[in-house]
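# Residue-level structural notes
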Amino acid sequence: MQHDTVSQLALQVIKLLPDQSEGTKFAYQILKNWNGKIDHDSPTAALYEVWWTHLCVAIHAAIIPSELHDLLPAPLSPSVQLALLQSPEKHSGNNAQSVRDEILSRCLQKAVSELASHLGALPASWKWGALHTITLGHVLGNLTSIQNAFPDIGGENYGSGGDQYTVMARWYNPYHTSQNPYATTGGASFLMVCDVGSWDNSLFLNFPGQSANPMTGNYSDFFEPWLKGDMQPLYFSWSNIKKHTVRHYFFRP
């Protein structure tokens with residue numbers, strides 16, 4: 001359950017998408033047939049996330065007067081945006097549905113163009129993880145000595161599924177950087193499932209590893225399992241702890 005990538009928000013927004021012309025007909029079809037899973041290898045997840053990002057900007061521009069943009073910056077709350085899209089007549093006056101449909105279609109065209117520019121013209125080459133990459137750097141990594149001692153973990157070749165609205169919350173901030181607006185900027189770093197009837201069946205993940213010392217093999221050993229959602233055993237019984245121990249540390253006063 002902790003690695004559930006289904007976005008109920010995505011499924012609700014897609015229901016509102018009107019029929020498309022030839023240029024975006026294929027995008028309409030793959031969105032309408034999608035299961036809503038924001039998986040790292042999903043072309044449709046990539047399409048949806050880029051479309052949603054453009055929608056956030058467009059809805060904000062349409063609803064919030066320009067002189068209030070500094071006071072109320074984008075994006076609006078997702079629940080507010082969904083309500084605006086589902087009931088446009090309450091907020092947009094005459095021809096409200098036509099205005100909404102135009103925004104949905106215009107942003108979809110922008111999303112298709114952006115993906116074609118960055119990931120190629122063929123939708124099969126689009127992958128959410130190619131955009132939703134993750135790089136974990138030291139907070140003082142701008143200092144050469146720190147960067148050398150604590151090298152970055154991950155990088156452009158490591159992509160994640162999920163977003164800020166899935167149970168597997170791995171969010172991004174498109175206003176955070178222009179270099180890659182879809183890069184992962186946060187997520188659940190510690191996960192645990194305990195079996196109180198048989199404690200040795202418990203599972204956990206501790207991102208990115210079990211040691212803060214980059215000189216050990218445990219500095220980033222949980223990074224790839226975390227990306228994949230591959231929960232690791234968490235032993236409680238002394239017999240299992242002794243069986244699986246690979247190193248001892250002794251601290252003396």
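Definitions and cut-offs
Residues numbered from 1 in each chain as written. Predicted model: local features only at pLDDT ≥ 70, side-chain atom pairs only at ≥ 80, totals over all residues. Heavy atoms only, no water. Helix = DSSP H or I, 4+ residues; strand = E, 2+ residues; numbered from the N terminus. Buried < 20%, exposed > 50% of the residue type's maximum accessible area, 1.4 Å probe, protein only. Contact = heavy atoms within 4.5 Å. Areas by Shrake-Rupley, 256 points an atom, 1.4 Å probe, with all protein chains shown as cover. Lys, Arg positive; Asp, Glu negative; His and termini not counted. Charge placed at Lys NZ, Arg CZ, Asp CG, Glu CD. Salt bridge = Lys/Arg side-chain N within 4 Å of Asp/Glu carboxyl O. Axes fitted to C-alpha atoms, helices over the stretch in contact; angles between N-to-C directions. Parallel < 35°, antiparallel > 145°, perpendicular 65-115°, else oblique. Nonpolar A, V, L, I, M, F, W, Y, C, P; charged D, E, K, R; others polar. Pairing = 2+ DSSP bridges.

Moving on, we come to the overall build of the protein chain. Along the protein chain, the regular secondary structure elements total nine helices and seven strands. Taking the principal axes of the C-alpha coordinates as reference, the protein chain spans close to 75 × 50 × 40 Å. Within the protein chain, buried positions represent 38% of all 253 residues. Long-range pairs, those at least 24 residues apart, make up 60% of the contacts in the protein chain between residues at least 6 apart in sequence. Split by element, the accessible area of the protein chain, about 14,500 Å² in all, is 55% carbon and sulfur. Seen as two clouds, the 15 positive and the 20 negative side-chain charges of the protein chain have centres 6 Å apart.

Applying the stated criterion across every chain yields a total of two salt bridges. Two residues, E102 and R106, come together in a salt bridge whose shortest N-O distance is 2.8 Å. Of this pair, E102 and R106 both sit in helix α5 (residues 96–119), four residues apart, which is roughly one turn of the helix. In this structure R106 comes out as partly exposed when scored by relative accessible area, which is 33%.

We now examine the packing of helix α2 (residues 25–32) against helix α3 (residues 43–63). Put simply, α2 and α3 touch, their axes get as near as 10 Å, and they point 110° apart. By the angle between their directions, the pair α2 and α3 is classed as roughly perpendicular. Facing A27, I30 and L31 of α2, the residues of α3 in contact are T44, L47, Y48 and W51. Among the residues making up the contact of α2 with α3, the classes are represented as six nonpolar, one polar and no charged.

Now for the sheet that holds strand β6 (residues 203–206). In space, the three strands of this open sheet follow the order β5-β6-β7, with antiparallel pairing throughout. The open sheet is flanked by β5 (190–193) and β7 (232–233), the only strands paired with a single partner. Pairing geometry for β6 and β7, over two bridges, is antiparallel. Across the sheet, residue F204 finds its bridge partner in β7, namely Q232.

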